[in-house]
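Overview (structure and organization)
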Amino acid sequence: MQNRWLNMFYYLNQINIKVMSKNLILIGFAALLFSCNNSATDNKDNSKDTAAVAATPMFNELSTDTGWVSLFDGQTTNGWHSYGKSAAGSAWKVKDGVLYLDTSNKKDWQITDGGDLTSNKMYKNFDLKLEWRISPAGNSGIMFHVGEDTAKYKYSFWTGPEMQILDKAHPDATVKHMAGDLYDLISSSKRSEKAAGEWNQAEIVCMDSKLDFYLNGVNTVSTFMWDDQWNKMVAASKFVEWPDFGTLKQGHIVLQDHGNMVEFKNIMIKNL
């Protein structure tokens, strides 16, 4: 009798061990599946995050998919010429991916063989982005919708409105003449320029008659062109003596030679 009970106990014990082993195996398998599923989900989510970051354009990133086109190759002045000339003046130079005006040979208020650097192409509706850096007490500007009929317009500023580039130590640092202003027409909504020698990010957006300036992320100017208010502003400005100023609806982009050291990089544009 005793042997029979011992045999029965041994048999039941073996069954219990097998059942427990199977349960452990099933639990382990389930845990493995859960882990793999979470890993796949995490990888998928990470892929989405990576794709989202990759799709977000950086300031100096060019993408044919989004329509951005470089206006400066970082090595030459290709695509530009001095106002009224066939090529860029020799005073406009490139070094280490930066376009700059060499001011070592100054004549009057501009530079010998410099001149306003003018885009070969003309633009109507556009989003222009670039970075600029000005010397202490320096002065320059970014003009647009510039006409280049030199028989009618001696200088680019006879036609083209300007986003001012200026160091606050310059004697012309007055109302409507500060960095980020629509020069001589509208003062910036907020001062956002950096000190001389530091890089500033500028953006000009022209869409039909709507005009917006941004400087270091601040919307410094927002206005409409060619309406009654615009005409009144021009009539009250220094530009009143040039009848075609601010009237052209397309034209060249111009980087101004005002006789002071100025640098540009990451120049890009998108037609709107």
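Structure: above.
Rules used throughout
- Residues numbered from 1 in each chain as written.
- Predicted model: local features only at pLDDT ≥ 70, side-chain atom pairs only at ≥ 80, totals over all residues.
- Heavy atoms only, no water.
- Helix = DSSP H or I, 4+ residues; strand = E, 2+ residues; numbered from the N terminus.
- Buried < 20%, exposed > 50% of the residue type's maximum accessible area, 1.4 Å probe, protein only.
- Contact = heavy atoms within 4.5 Å.
- Areas by Shrake-Rupley, 256 points an atom, 1.4 Å probe, with all protein chains shown as cover.
- Pairing = 2+ DSSP bridges.
- Axes fitted to C-alpha atoms, helices over the stretch in contact; angles between N-to-C directions.
- Polar contact = N/O pair within 3.5 Å; in protein donor to acceptor, adjacent residues only side chain to side chain.
- Phe/Tyr/Trp six-rings, centres within 6.5 Å; stacked < 30°, edge-to-face > 60°.
- Lys NZ or Arg CZ within 6 Å of the ring centre and 35° of its normal.

To continue, consider the overall build of the chain. In terms of regular secondary structure, the chain is built from two helices and 15 strands. Within the chain, the fraction of its 272 residues that count as buried is 40%. Restricting the contact set of the chain to residue pairs at least 6 apart, pairs at least 24 apart contribute 66%. Summed over all atoms, the accessible surface of the chain reaches about 15,200 Å², with 55% contributed by carbon and sulfur.

The next subject is the sheet that holds strand β10 (residues 162-166). On the basis of which strands lie adjacent, the open sheet formed by five strands has the order β2-β7-β14-β9-β10 and antiparallel pairing. What marks the edges here is a single partner per strand, and that holds for β2 (80-82) and β10. Averaged over all neighbouring strand pairs, the angle between strand axes comes to 25°, with direction disregarded. Where strand β9 (residues 139-146) meets strand β14 (residues 251-255), three bridges bridge the pair, whose relative direction is antiparallel. Bridge pairing links I142 to L255 in β14.

This brings us to the environment of N216. Checked against the element boundaries, N216 lands in the loop between β12 (210-215) and β13 (218-224). Setting aside residues no more than four positions away along its own chain, N216 makes contact with S192, E193, K194, W199, N200 and Q201. Reaching out from N216, the side chain makes a polar contact with the side chain of N200 at a distance of 2.9 Å.

Glancing now at the packing of aromatic side chains. Scanning all chains against the criterion turns up eleven aromatic pairs. For the ring pair F144 and F213, a centre distance of 6.2 Å and an interplane angle of 85° mean the geometry is edge-to-face. Remark: F213 occurs in strand β12 and F144 occurs in strand β9; sequence separation between them is 69 residues. This pair shows no difference in class: F144 is buried, exactly as F213 is. Each member of the aromatic cluster is reached from another via a ring pair, and the members are W109, Y155, F157, W158, Y183, F239, W242 and F245. In this structure, K249 packs its charged tip against the face of W226, placed 4.6 Å from the ring centre. For the cation-ring pair, K265 lies above W199, with the distance from its terminal atom to the ring centre recorded as 4.4 Å.

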